[in-house]
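Below are the chains, spelled out letter by letter.
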There are 2 protein chains.
Amino acid sequence: MMAIQAVERYGPVEVVDPEDVDNDAFVVSVAGMGAPVVMIEKLPSGREAGEALLSLEKYFGRRADYLISIEAGGMNSTIPIATAARFKRPLIDGDGMGRAFPELQMVTFHLVGVKATPMSMADEKGNSVILDTVDNFWAERIARAITVKFGGVAWIAIYPMNGRQFKAGAVRHSLSKEISIGRALREAKARGANPLDALLDATGGFLLFKGKIVDVLRRATGGFARGEARLEGLEEFKGSELAIRFQNENLVAIRDGTVIASVPDLITVVEKDSAKPITTERLKYGLRVAVIGIPCDPKWRTPEALKVVGPRYFGYDIDYVPIEEAVKRLGA
Amino acid sequence: MMAIQAVERYGPVEVVDPEDVDNDAFVVSVAGMGAPVVMIEKLPSGREAGEALLSLEKYFGRRADYLISIEAGGMNSTIPIATAARFKRPLIDGDGMGRAFPELQMVTFHLVGVKATPMSMADEKGNSVILDTVDNFWAERIARAITVKFGGVAWIAIYPMNGRQFKAGAVRHSLSKEISIGRALREAKARGANPLDALLDATGGFLLFKGKIVDVLRRATGGFARGEARLEGLEEFKGSELAIRFQNENLVAIRDGTVIASVPDLITVVEKDSAKPITTERLKYGLRVAVIGIPCDPKWRTPEALKVVGPRYFGYDIDYVPIEEAVKRLGA
């Protein structure tokens, strides 16, 4: 709604294909950082991420040629649209994850050696910070502590890079893909088809579970929302149970005691009948949902990338099994 | 020793009288921030505070015309000397406290409306931060969280101001006073006089206690060293007890259950016979010490200043009584 409002007020956003970005262009990501559950309480005005952008531009003495989304999912896929509309910067059709992850170094740009810093942080009160750290893990550590002091949410401009770095690291056409998923859902609804089937088709995903949420444990801790949702099976999954553990984003799905999907693949919860997305901060008792698994971008499946975003990084002592293989094994 | 080494290596420091500072000169403080007890473990190389200085100068696009000490006491009275020697910046004979205090807003510049930010922070690993906050309390809050993440110590360049602001806020000639105290102690020793008497004369202080330290409680928490030292009386104080509570600096002295000195007056612990200073991080069981109370700079004794550094700010529900009055009452 913030993105829609910004476009209505300031005009449409120019969206640029990644291949049209010059090698020496100045590319910057804008995003919100912190526990999504806090962002719902402290709704942004749409100006905050722009303040972070302006502060980083001032630091570099250079206006950003392009904005990008750091991740494809949740609030951070639409904040750059609002910022691009309001501050008249073109937006590149691509992002740094092809999904959402909770920590700053969990972006494909990190995998190709791009530094998260210099990065800027702003809060809604007018406080502002510029960080320049020795590596991206230090950026995460220090920025997270500042986010907590800011009250749980910070607005950031991060991963300043040139066009060549962008093209080496980016997940391409994620904005187009998001639009095509939305369109598939709308068209299915219009023609009376099953939205869930349309979603699976549009995403290449696998149905992992249908069920009713019977419990949600949630703690906002260390600048993250961590927790677990428990589901009781419905329809063909009657008699089964599913647990989903999350840290801002869903990390693992455990069906009847067996891990059936894990990071870096996407574990997506949607309303069972409408297939509308339910982010972790909206999980609540009584919702009837479908859980789908979607293959992540291939960039995340190398041994080096799995060290950054695989299940072991998040404390799960399991090997990553690509979702399409995991589903095959379950079927066998 | 760091200051001596820097002067030996890079040459003497030019020390400037406050009245000789131009109104539009660019004045910056450099300091260490964090728990002193951690600084002892992570001894600075002498370069770190300079890194913070260079980073702030880069941010402003202007070289500092003068450095100053943010406080007169402990490591932060000598770090600016080392930085001034190494980076060839003149040092002004004055500071922002006329003593030492633990928090960033507890400086006389704050009392005349000077902003602590933009400030820079650096650690020994190469991480660097620029803060620009809405007020000096926010600067303290955010910088403290970063200090903790840096490992307990940060090196900062802070309170960038012009010469007019400096002259409006500064405690003058603190460096000269420190030198005169040192000289008085050396001369007393040379002529076989009592160093403690010489110290009391040189500082205008009052002897509050002589005793042996029998217990020290200490916690490094929230980026501070907090604790309490307990002393049993010696000589004319035999049979009495003294407790000193501290947060990096000594806050209150309680003799036999009665508060006999408190912030903002100075409570100074020295070796009983040599009158050599013992900072809070060096307090330890068995030391035989004298405790003296020294009147603070008059700038700290207004009702507004006492809100910033009086006993109530530190959680003690008592009225501030100037040390010279408190001593009179005890004598009565």
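Residues numbered from 1 in each chain as written. Chains lettered and ligands numbered in written order. Predicted model: local features only at pLDDT ≥ 70, side-chain atom pairs only at ≥ 80, totals over all residues.

Asks: How should I be thinking about the overall build of chain A in this particular structure?
Replies: In terms of helices and strands, chain A carries 11 helices and 15 strands. In terms of C-alpha radius of gyration, chain A reaches 19 Å, essentially the compact-globule figure of 20 Å for 332 residues. With respect to the three principal axes, the spread of C-alpha positions in chain A is 60 × 45 × 35 Å. Counting all 332 residues of chain A, 51% fall into the buried class. Once local pairs closer than 6 in sequence are excluded, the contacts in chain A between residues at least 24 apart make up 69%. (Helix = DSSP H or I, 4+ residues; strand = E, 2+ residues; numbered from the N terminus. Rg over C-alpha atoms; globule rule 2.2 N^0.38 Å. Buried ≥ 20, exposed ≤ 12 C-beta atoms within 10 Å, placed from the backbone. Contact = placed C-beta atoms within 7 Å.)

Asks: What am I meant to see in the relation of the copies chain B and chain A here?
Replies: Turning chain B through 180 degrees and shifting it by 0.0 Å along the axis lays it on chain A, with an RMSD of 0.0 Å. On this basis, the relationship between the two copies can be described by a two-fold rotation axis. Measuring from the rotation axis to each C-alpha of chain B, the shortest distance belongs to Ile130 of chain B, at 2.4 Å. Residue by residue, 100% of the interface of chain B is reproduced at the interface of chain A, so both copies engage with the same surface. (Least-squares fit on C-alpha atoms with pLDDT ≥ 70 in both.)

Asks: How do you make sense of the sheet that holds strand 12 (residues 249–255) of chain A when you look at a structure like this?
Replies: Residues and elements named next belong to chain A. The seven strands lie next to each other as 13-12-11-10-9-15-14, forming an open sheet whose pairing is antiparallel. Edge positions in the sheet fall to strand 13 (258–262) and strand 14 (266–271), since each of these pairs with one other strand and no more. Pairs of neighbouring strands in the sheet enclose a mean axial angle of 35 degrees, with direction left out of account. Here six bridges tie strand 14 to strand 15 (residues 288–294), and the two strands are oriented antiparallel to one another. For Thr268, the partnering residue across the bridge sits in strand 15 and is Ile292. Lying on the sheet, helix 9 (residues 195–203) is in contact with strand 9 (206–221), strand 14 and strand 15; it crosses strand 15 at an angle near 15 degrees. Contacting strand 9, strand 13 and strand 15, helix 11 (residues 323–331) runs over the sheet at an angle of about 150 degrees to strand 13. (Pairing = 2+ DSSP bridges. Axes fitted to C-alpha atoms, helices over the stretch in contact; angles between N-to-C directions.)

Asks: Would you explain unusual backbone geometry in this entry?
Replies: For residues besides glycine, phi is generally negative; the peptide bonds are generally trans as well. Note the cis peptide between Val263 of chain A and Pro264 of chain A, where omega equals 5 degrees. Here Pro264 of chain A lies in the loop between strand 13 and strand 14. Despite not being glycine, Lys88 of chain A shows a phi value in the positive range, around 55 degrees. In this fold, Lys88 of chain A is placed in the loop between helix 4 (79–87) and strand 4 (91–95). Given 11 C-beta atoms within 10 Å, Lys88 of chain A falls into the exposed group. We note that Asn248 of chain B has phi near 60 degrees; this positive angle belongs to a residue other than glycine. Structurally, Asn248 of chain B is set in the loop between strand 11 (241–247) and strand 12 (249–255). Here Asn248 of chain B falls in the buried class, since 23 other C-beta atoms lie within 10 Å of it.

Asks: I keep staring at the domain arrangement of chain A and nothing clicks. Help me out?
Replies: The figure often quoted for interface size is the accessible area lost as the parts come together. Residues and elements named next belong to chain A. In terms of domain boundaries, chain A breaks down into domain 1 (2–172) and domain 2 (204–331). Inter-centroid distance (C-alpha atoms) of domain 1 to domain 2 is 26 Å. Listed per partner, the contact involves 22 residues of domain 1 and 19 residues of domain 2. Per-element tally for the side of domain 1 that touches domain 2: the top contributor is helix 2 (residues 36–41), with four residues. (Domains from an automatic or database assignment.)

Asks: How should I be thinking about the sheet that holds strand 15 (residues 288–294) of chain B in this particular structure?
Replies: Within a sheet, neighbouring strands are paired by backbone hydrogen bonds and run either parallel or antiparallel to one another. Residues and elements named next belong to chain B. Pairing is antiparallel across the open sheet formed by seven strands, whose spatial order is 13-12-11-10-9-15-14. Either end of the sheet is taken by a strand with one partner, and the two such strands are strand 13 (258–262) and strand 14 (266–271). Shown here is a sheet whose adjacent strand axes are inclined to one another by a mean of 35 degrees, direction ignored. Contacting strand 9 (206–221), strand 14 and strand 15, helix 9 (residues 195–203) runs over the sheet at an angle of about 15 degrees to strand 15. Across the sheet, helix 11 (residues 323–331) lies against strand 9, strand 13 and strand 15, angled at about 150 degrees from strand 13, the strand it touches most.

Asks: What is the right way to read the interface of chain B and chain A from this model?
Replies: With 17 residues of chain B in contact, the opposing surface of chain A contributes 17 residues. Secondary structure elements with two or more residues in the side of chain B that touches chain A: strand 6 (128–132) and helix 6 (136–149) of chain B. In terms of residue count, helix 6 of chain B provides more of the side of chain B that touches chain A than any other element does, seven residues in total. Residue composition of the side of chain B that touches chain A, grouped by class: nine nonpolar, four polar and four charged. The pairing of strand 6 (residues 128–132) of chain A with strand 6 of chain B spans five bridges and is antiparallel. Directly across from Val129 of chain A, in strand 6 of chain B, lies its bridge partner Leu131 of chain B. (Nonpolar A, V, L, I, M, F, W, Y, C, P; charged D, E, K, R; others polar.)

Asks: What's the story with the pairing of strand 2 (residues 26–34) of chain B in this structure? I'm lost.
Replies: For a regular strand, the rule is simple: side chains alternate between the two faces of the sheet. All names here are of chain B. Counting buried residues in strand 2 gives eight out of nine residues, a clear majority hidden from the surface. Summarising the sheet, strand 2 and strand 7 (residues 153–162) pair through eight bridges and their orientation is antiparallel. Across the sheet, the residue bridging to Ala31 is Ile156, located in strand 7. Both strand 2 and strand 3 (residues 66–69) contribute to a ladder of four bridges, which runs parallel. From the neighbouring strand, Val27 faces strand 3, where its bridge partner is Tyr66.

Asks: Is there a simple way to explain the packing of helix 6 (residues 136–149) of chain A against helix 6 of chain B in this structure?
Replies: Helix packing geometry: the angle between the two helix axes and the distance between the axes. Contact pair helix 6 of chain A / helix 6 of chain B: the axes reach a minimum separation of 9 Å and the direction vectors enclose 145 degrees. The handedness of the crossing between helix 6 of chain A and helix 6 of chain B is right-handed. Between helix 6 of chain A and helix 6 of chain B, the contacting residues are Arg141, Ile142, Ala145, Ile146, Val148 and Lys149 of chain A on the first element and Arg141, Ile142, Ala145, Ile146, Val148 and Lys149 of chain B on the second. Here the contact of helix 6 of chain A with helix 6 of chain B is built from residues that sort into eight nonpolar, no polar and four charged. (Left-handed = near helix turned anticlockwise from the far one by under 90°.)

Asks: Hey, could you run me through the environment of Gly315 of chain B in this one?
Replies: Residues and elements named next belong to chain B. Checked against the element boundaries, Gly315 lands in the loop between helix 10 (303–309) and helix 11. Given 10 C-beta atoms within a 10 Å radius, Gly315 is considered exposed. In the structure, Gly315 is positioned 258 residues away from Glu57 in sequence and 37 Å away in space, judged by C-alpha atoms.

Asks: Even after reading the chapter, I still don't get the nonpolar core, so can you show me in this structure?
Replies: A general tendency of soluble globular proteins is for nonpolar side chains to be buried together. If you look at the biggest cluster of nonpolar residues, it comprises 200 residues, and the most contacted ones within it are Ile146 and Val291 of chain A together with Ile146 and Val291 of chain B. When sequence neighbours within four positions are dropped, the list of residues in contact with Val291 of chain A reads Leu208, Phe209, Leu242, Ile244, Ala253, Ile267 and Val269 of chain A. (Core = buried A, V, L, I, M, F, W, Y, C linked by C-beta atoms within 7 Å.)

Asks: Help me understand the confidence of the model for chain A, please; the structure alone is not making it clear to me.
Replies: Low pLDDT means the predicted atomic positions in that stretch should not be read closely. When pLDDT is averaged along chain A, the result is 94, and 98% of the positions lie at 70 or above. Interface scoring of the predicted complex returns ipTM 0.82; its pTM is 0.88. (pLDDT = per-residue confidence, 0-100.)

Asks: When you look at the pairing of strand 13 of chain A in this model, what are you seeing that I'm missing?
Replies: The pairing of strand 12 of chain A with strand 13 of chain A spans four bridges and is antiparallel. Within the sheet, the bridge partner assigned to Val252 of chain A lies in strand 13 of chain A and is Ser262 of chain A.

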